[in-house]
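# Structure at a glance
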Amino acid sequence: MRFMMKRVRTATFVDAAITIVLALCFLLIPVEIASTLAIISGILLLCSAVSDAFRYFSGGDYAIYLRGTLYSAIIKAVLAIFLFTHTDTVVNLIGSIFSIIVILNGIGSLQEAMELRRIRLSGWFIHCLLSILIIFGGIVLLLTPFGGISTMLAITGWLLLLDGVSELVLAFRLKNISNQLAQTAEEIHRAISQSIMYQ
């Protein structure tokens with residue numbers, strides 16, 4: 001159990017880091033070199049897809065609860081390939097493509113929040129609210145035409161940054177949960193050993 005938690009936590013850390021780097025690319029790379037942004041985004045999306053797939057396959061018995069992560073990995077991989085193969089035409093679509101990514105990440109975060117609720121961990125409600133905010137922002141970004149591509153990229157960057165920070169907080173929470181589980185297991189083992197010795 002502890003090994004599985006460690007693998008899921010590591011994948012969550014990696015996914016959070018990738019999302020934050022992607023957000024910073026959207027916020028810092030000028031629109032004039034958007035084709036470079038498309039290539040960088042494709043690479044990061046592919047890394048995120050691999051991380052999501054790793055998280056799903058590391059889930060062991062809990063993989064059934066992570067099936068949204070597998071779907072997200074497949075969609076991210078397809079979008080990454082699209083970004084690689086259509087870099088010239090994708091510049092005008094990059095905001096819409098990443099609106100879909102923001103929505104997918106928000107749905108994944110919402111699923112994680114529901115899992116936190118299911119196992120009765122505090123803080124699930126805040127994670128749930130952030131997930132809903134990310135999903136709503138992604139939908140608004142997808143359906144609302146903005147003044148220009150630079151505005152759309154900036155909003156996408158801020159939504160991705162919010163998602164990445166939310167994932168980072170979740171990863172730290174998973175580390176604390178893993179440590180608590182290990183401590184509880186050690187206490188149970190010690191109590192059982194002592195009761196056997198006194199019999």
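Note that the coordinates shown come from a computational prediction; the quantities given were computed from them, not determined experimentally.

The rules behind these values
Residues numbered from 1 in each chain as written. Predicted model: local features only at pLDDT ≥ 70, side-chain atom pairs only at ≥ 80, totals over all residues. Heavy atoms only, no water. Helix = DSSP H or I, 4+ residues; strand = E, 2+ residues; numbered from the N terminus. Buried < 20%, exposed > 50% of the residue type's maximum accessible area, 1.4 Å probe, protein only. Areas by Shrake-Rupley, 256 points an atom, 1.4 Å probe, with all protein chains shown as cover. Core = buried A, V, L, I, M, F, W, Y, C linked by side-chain atoms within 4.5 Å. Contact = heavy atoms within 4.5 Å. Axes fitted to C-alpha atoms, helices over the stretch in contact; angles between N-to-C directions. Parallel < 35°, antiparallel > 145°, perpendicular 65-115°, else oblique. Left-handed = near helix turned anticlockwise from the far one by under 90°. Nonpolar A, V, L, I, M, F, W, Y, C, P; charged D, E, K, R; others polar. Expected span 1.5 Å × (residues − 1). Patch = residues over 30% accessible without salt bridge, like charges linked within 9 Å, V, L, I, M, F, W, Y side chains within 5 Å. Salt bridge = Lys/Arg side-chain N within 4 Å of Asp/Glu carboxyl O. Phe/Tyr/Trp six-rings, centres within 6.5 Å; stacked < 30°, edge-to-face > 60°. Lys NZ or Arg CZ within 6 Å of the ring centre and 35° of its normal.

## With respect to the overall build of the chain
When helices and strands are tallied, the chain shows six helices and zero strands. Along its sequence from the N terminus, the chain presents helices and strands in the succession α-α-α-α-α-α. Burial analysis of the chain (199 residues in total) assigns 42% to the buried set. Accessible surface, the chain: about 10,800 Å² in total, of which carbon and sulfur atoms supply 70%.

## Looking at the nonpolar core
Ranked by size, the top nonpolar core spans 28 residues in total, and within it Phe26, Leu37, Leu45, Leu83, Ile94, Phe98 and Leu160 carry the most contacts. Listed by contribution, the elements that provide at least two residues to this core are α1 (2-28), α2 (34-58), α3 (67-85), α4 (94-118), α5 (124-143) and α6 (149-197). Dropping the residues within four chain positions of it, leucine 45 is found in contact with Lys76, Leu79, Ala80, Leu83, Phe98 and Ile101. Core analysis: the second largest hydrophobic core is formed by six residues, Val8, Leu116, Leu121 and Ile177 among them.

## A word on the packing of α4 against α5
For the pair α4 and α5, the least separation of the axes is 8 Å and the interaxial angle reads 160°. Classed by the angle they form, the pair α4 and α5 counts as roughly antiparallel. For the crossing formed where α4 meets α5, the hand is left-handed. Within the contact of α4 with α5, the residues separate by chemical class into 16 nonpolar, eight polar and two charged.

## Some thoughts on α5
In this model α5 runs 29 Å from its N-terminal to its C-terminal C-alpha over 20 residues, within 8% of the 28 Å that 1.5 Å per residue would give. Burial in α5 covers these residues: His127, Cys128, Ser131, Ile134, Ile135, Gly137, Gly138 and Leu141.

## What to know about a nonpolar patch on the surface
A surface patch of nonpolar side chains, amounting to about 410 Å² of accessible area, comprises Ile75, Ile100, Ile139, Leu142 and Leu143. No other element matches α5, which puts three residues into the nonpolar patch. Inspection of the secondary structure puts leucine 143 in helix α5. In this structure leucine 143 comes out as exposed when scored by relative accessible area, which is 65%.

## So, the packing of aromatic side chains
Applying the stated criterion across every chain yields a total of one aromatic pair. Arginine 117 extends its terminal NZ or CZ atom over the ring of tryptophan 124, reaching a point 5.4 Å from the ring centre.

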